[in-house]
Structure formats: C-alpha cells, structure tokens
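# Reading the structure
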Amino acid sequence: MAQYLLETVWLVPIYALIGGLLAVPWSPGIIKRTGPRPAGYVNLIMTFLAFCHSAIALSISWNQPRYEVFIPWLETAGLRLSIDLEISAISVAAMTVITGLNLLAQIYSIGYMEMDWGWGRFYSLLGLFEAGLCALALCNNLFFSYVILEILTLGTYLLVGLWFSQPLVITGARDAFLTKRVGDLFLLMGVLAIYPLTGTWNYHDLAQWSASANVNPTVITLVCLALIVGPMGKCAQFPLHLWLDEAMEGPVPSTILRNSVVVASGAWVLIKLQPVLSLSPIASTAMIAIGTLSAIGGGLIAIAQVDIKRCLSYSVSSYMGLVFIAVGTQHDEAALLLVLTHACAAALLVMSTGTIVWNSITQDITELGGLWSRRPISGIAYITGFLGLIAFPPLGSFWALLQLASDLWTTQPWLVGVIIIVNALTAVSLTREFGLVWGGKPKPMSARSPEVSWQMILPMMILFGFVLHLPLLLQNLSILPSWVNLNKDVALLLIWSSIFGCSISGVIYLGNIPKPVSLPWKRLQDLIAYDFYTPKLYKMSIVLGVDLLSKLTDMVDRFVVDGIVNLVGLVSLGGGEGLKYSNTGQTQFYMFTVLLGVGILGMIVTWQYWGNQFLEIMF
C-alpha cells in the first residue's frame, strides 16, 4: 500500500483540484439551502487526504532515487511537448509543506471567514492555489512551469479581489496582477528563446546541455536575464515588489499561503534553472545585485511602515532577496533551506498578526498596544515566528543563514556582511512591531480586543510546535547542516546581529522613549517610509508609458482604422445614392449601361496591346 502511494503521488494536485471544483456550486449560490459552509469542509477533507498522501510518500521516498513520469500532450511540426514530472524526496517534501500549510490555513479560515459571503469562492480559489503549487513542485518542464505560474498569477488576482465591492480591493488586485504580468512577459520571452538553443524544456536535459554548452555569450546572457525577471516578480524583488504590498488587501488566510510558499514559487524555478543561469556571469551578478538591493531595501522599508500587513510584506521581500543571493552564488542547498524555514516562520507570523486584523478596529500599529495581557497566545506565536525568521539558535533560520554565510565566507565575504545587516534589520523591524502591538499600555483602539476563537488558535498552535521542532526534524532527515563544517565566527556574528537588532528596537519600543520615533533627517525618513518613491517611479515610467500607448492606440483606431472603414462606407453610400437616379425604367438605357460597362472592361483587358501606341499618339 505504501509503495502504491509513492507511485501515485503525482496525483496529489488532483485532490485540491477536485476540492476546488466540488466547492463551485456553493460559490454563485446554486446550492442555497445548506449555506456556503460545506464548500469549506469539502476542501478541508480533500486537502487532508492530499497531506496524508504526501506525508506517507515522503517517508518512503527519502534517500530513494528519483524517477520521472512523462505524460504526452502535443506532437506537431517537429515540436513534441510532454508533461514531465519528477518524483523525488525534495519534490514530495515540497508538496507536504504546501498541503500542510494549506490545511492549517483552511482551518484558520473557518474562524476568520465565519460570516463572510464569499466563503465558497474563497475555498475554491484556495484549492486552485494548492493544486498549482503542488503541480509546480512536481513539474520538470520549464514550459509547463510557466503555465502553472500564470495560473497562480490569475489565482492571486481572484483571491485579492475576493471582496470586489470595495474600491481599494479592486485597485490592489489590478495592480498586483499587472505588476506580476511585467515579469511574466519577460519570462515568456526567455522560455521561448531557450528552446531553439537547447531543443528541450526538461530541467534535467537543460542541466546536461549546460554542462557542455557552446553558445554565444550575448545570446545566453539575454536569455538568462529574461528568465530571471519572471521569478523577480513572483518573489517580490525590487522593482517588481509592489504587488505583494497591494495583495495585502485580500483576506488574511490567503496571505498565509502567499507570504510563505507562493512567493517562493519563483525561487523554485530559479533553483531548477541554476545550471543554465551559471553560464552567464552577468546573469549571476544581476541576481546577486537584485537580491542585495531587495534584502537591504526591504528591511529598511519594513522598519518605517505603520500598517501591520505592510510590515510583514516587506520583510518577505527582504528574505527572498537572500534566496536570490543564494541562487546567484550557486548555493542551491542553502537556498532550499532558506525557503523551507521562511515558509513555516512567515506563515506563523501571518496567523498571529491576522488575529489582530480580525477583531481590531485599525491595522495601524501606532494605534495599538498592550495586547500581551489580552492575547498571550497570539503574542507567543508571534515571538516564535519572529525568532524562527532570524538567526536565533537553535531555530531553523539560524541554520539556513549560517550555512549560506559559511559558504560565502571564503569566496565573497562582503555578502556575509549583507546577510548580517539584513538579519539585524529584520530583528529591528519585527521587534518594533511586537513592541507597538503587544507591548506598552492598552490604547483606545486596543482596549477591547479579546483572544480569537479556537478555529484560529488551533492551527496557530500546531504551526507554533512545528517551528520549534523544525531543527529536530531536519536533523532526523539529515538535512540540518553539520556544526563541525560551519564557520563558528560567522555564527557568532549572526547571533550578535540578532541580539543587537532586538536590543536596540526593544529599548526604543518597549521602553519609555516618546513615540512615534522619527529620524533627524526628514527627507531620509520620507524616502524609506514611501518605499523609495517606487510607486511614483512606476507612475512616471510604466503607468505613464502604458497610458500614452493606450492613447496612441485609441487615436490610430479612431482616425486610421475607423477612418478607412467610414470612408468606404461613405463611398458606398454615395455610390448607392448616385445609382438610384439611374433607374429610369427604360430598357434602352439599361442596355446602354451594360454595353458601356462591357466596353470599359474590354478596354482594360486589352490595354497591353494598344495602350502603348495610344500613349505615343497622344504624347
């Protein structure tokens, strides 16, 4: 039975897809008697089955050789497309994490979305998300990875726009969709351009080709840069990071998946493409530069935010920047470990802050405070997720950051400094948020803010225990880096950066220092608080360019296309008006018209025989 589950593990995405489809009748209200709740329960059952299937298959597939499944799809004109799936311990582990987090998110949603009118549609879209992410984990083909990423982009748009009666939600969904489309367009160019060079989209075949490839450096650089831009958008990297902030307008339960595993979908594709990307030093340098800018910039911006959701969204961009650095420096194992530890800790942070959003009047952290006495469970969960996201031994991110920093210590030590700075900034940001929300005395906006229902507490506590025991799990699976092989000096630097960031922010936001705290240089504070004016740059560049292009297209459509059509219509109308006066009713006039037409036609047909002589006589 266990072996059968391993052989059929590629069917796991179908579970979520079936759950999403079964929930559709409750979405538009076809089934009204029961209310929309059965849609959630159906999805919950299917996700539970998917998680059990993945977990059992993971226990069997560990330390087993990988194998591939090929499903023929299209063969025409020399193009052969098949859906390539890779069944390996890593892909099955990724599905286990995805289904597990989605299971917890759906339980959390039962409490969070209790009275929401979009229950059926919300759970259907969660099923679509889970199916797409599991399919991406198994997919071993670049072309179909792009197709799945497009489906996830559509799912993001629909989930963010769930409450479509609110103008801000509609704007956020539109902006998130269009921002990701910028990266998707370049990714499509790269996907189409790499096929003539390699003759395949299979990841393993691409890796074998790159081992002995002899290709024009300029061509491969352009292709690699195009392939990088797509994951830039998915991972919310500068300057394509604004979509994650806009997506916070959607329900918090959908943010659990988006901030943990959806943002890592682009990193997953990058890790698989790493052998190809390593052919271009310029592309590798670009990834390092993008990751460095996003990591430091996101950390700085997060410190200056007052919205509880925005604080977390920029921290996610910052952490994904470290993943870009890991891939750009060809440290895939560290990148995978970063993705795993971040997914669990980020999901726990979203759950704990989601309880604040659910029954608080405001999301402004400067108007909250004193919630520790009222919400100790949410506060403990936040602290655990926060410590799991920085270099705090022995939790997961400490080992992930330490492995990456140890690998870079001898080759690129300046990147170790970037990792230390980003870790300190993350510690400052999350400690600041904890101090303003849970520390201090209760304020009018937080005076009446009790703990949430058990449906939201239960998944939060399960994930709380998992984050605490993640290092033990990694050690049992032989994934945890060996302490003997790691750099002890780097470990101390990372720990001291965590202590420094937590201490500085704790003194400021848990002490008696007057708040709000402002920098002495207002322009610098405004620069950080307003996201380095990236939205304005967007309006001056991309938005303005699209607007001008739309106006130009409108002018061409109205004056050229419509002008030609209207001219033909006017000529036809004028000809018809003129011809109606020739209807005299006299037979001899009709005969004369026919003879005149035949004569003109004959002259045209025989012009080549007598036309030149006629012109010579005349001229």
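That block above? That's the structure.
Heads up: these notes are all about the structure in this document. (Residues numbered from 1 in each chain as written. Predicted model: local features only at pLDDT ≥ 70, side-chain atom pairs only at ≥ 80, totals over all residues. Heavy atoms only, no water.)

### Notes on a nonpolar patch on the surface
Note the threshold: Two joining distances apply to patches: 9 Å for like charges and 5 Å for nonpolar side chains (Val, Leu, Ile, Met, Phe, Trp, Tyr), and every residue must have over 30% relative accessible area and no salt bridge. All accessible-area figures derive from a Shrake-Rupley calculation using a 1.4 Å probe, and residue coverage is judged against the displayed protein chains alone. What counts as a salt bridge is simple: a side-chain nitrogen of Lys or Arg found within 4 Å of a carboxyl oxygen of Asp or Glu. A helix here means a DSSP run of H or I that spans at least four residues, while a strand means a run of E at least two residues long, and both kinds are numbered starting from the N terminus.
Nonpolar side chains collect at one region of the surface, where Leu549, Leu552, Met555, Val556, Phe559, Val560, Val561, Ile564, Val565 and Val568 lie side by side and expose about 940 Å² of accessible area between them. With respect to the helices and strands, the residue Met555 is situated in helix α23 (residues 534–579).

### Details of the state of the cysteines
This is how it is decided: Two cysteine sulfur atoms form a disulfide, by the criterion used here, when they sit within 2.5 Å. To sort residues, take the accessible area from a 1.4 Å probe on protein chains only and compare it with the maximum for the residue type: under 20% means buried, over 50% means exposed, and anything in between is partly exposed.
Evaluated as defined, the whole model comprises zero disulfides. For Cys224, which is in no disulfide, the shortest distance to another cysteine sulfur is to Cys235 and amounts to 17 Å. Take Cys224: its relative accessible area is 0%, and that puts it in the buried class. The thiol of Cys311 is unpaired, and the distance to the nearest cysteine sulfur, on Cys502, comes to 15 Å.

### Describing helix α18 (residues 396–408)
Heads up, the rule is: In this scheme, a helix's expected span is set at 1.5 Å multiplied by one less than its residue total. Working rule for contacts: check all heavy atoms of both residues, and any pair within 4.5 Å makes them a contact.
Taking 1.5 Å per residue, 13 residues should reach 18 Å; α18 reaches 19 Å between its end C-alpha atoms and fits that length. Most of α18 is tucked away, with twelve of its 13 residues classed as buried. Listing the buried residues of α18 in full gives Gly396, Ser397, Phe398, Trp399, Ala400, Leu401, Leu402, Gln403, Leu404, Ala405, Ser406 and Leu408. Turning to α18, the residues buried within the fold contact α15 (308–328), α16 (332–358), α17 (376–389), α19 (413–437), α20 (454–476) and α21 (488–510).

### Re α16
Relative to the 39 Å expected for 27 residues at 1.5 Å per residue, α16 spans 38 Å between its end C-alpha atoms, a close match to the ideal helical length. For α16, the tally of buried residues reaches 22 of 27 residues, placing the bulk of the element in the interior.

### Section: the packing of aromatic side chains
The condition that has to hold: Pairing of aromatic rings covers Phe, Tyr and Trp, the last through its six-membered ring, and needs centres within 6.5 Å; plane angles under 30 degrees mean stacked, over 60 mean edge-to-face, and all others mean tilted.
This model, assessed by the stated rule, comprises ten aromatic pairs. On the numbers, 5.0 Å between centres and 25° between planes, the contact of Phe143 with Trp201 is stacked. Residue Phe143 is located in helix α6 (residues 142–160), and its partner Trp201 is located in the loop between α7 (167–198) and α8 (203–211); the two are separated by 58 residues in the primary sequence. Residue classification places Phe143 among the buried residues on the basis of a relative accessible area of 19%. Taking the centre distance of 6.1 Å and the plane angle of 20° together, the rings of Tyr382 and Phe434 count as stacked. Highlighted residues: Tyr382 in helix α17 and Phe434 in helix α19, separated in sequence by 52 residues. The same class applies to Tyr382 and to Phe434, which are both buried.

### Re the side chain of Gln274
Along the chain, Gln274 falls in helix α13 (residues 274–277). We classify Gln274 as buried; its relative accessible area is 11%. Not counting the four nearest positions on each side in its chain, Gln274 is found in contact with Val327, Gln330 and Asp332.

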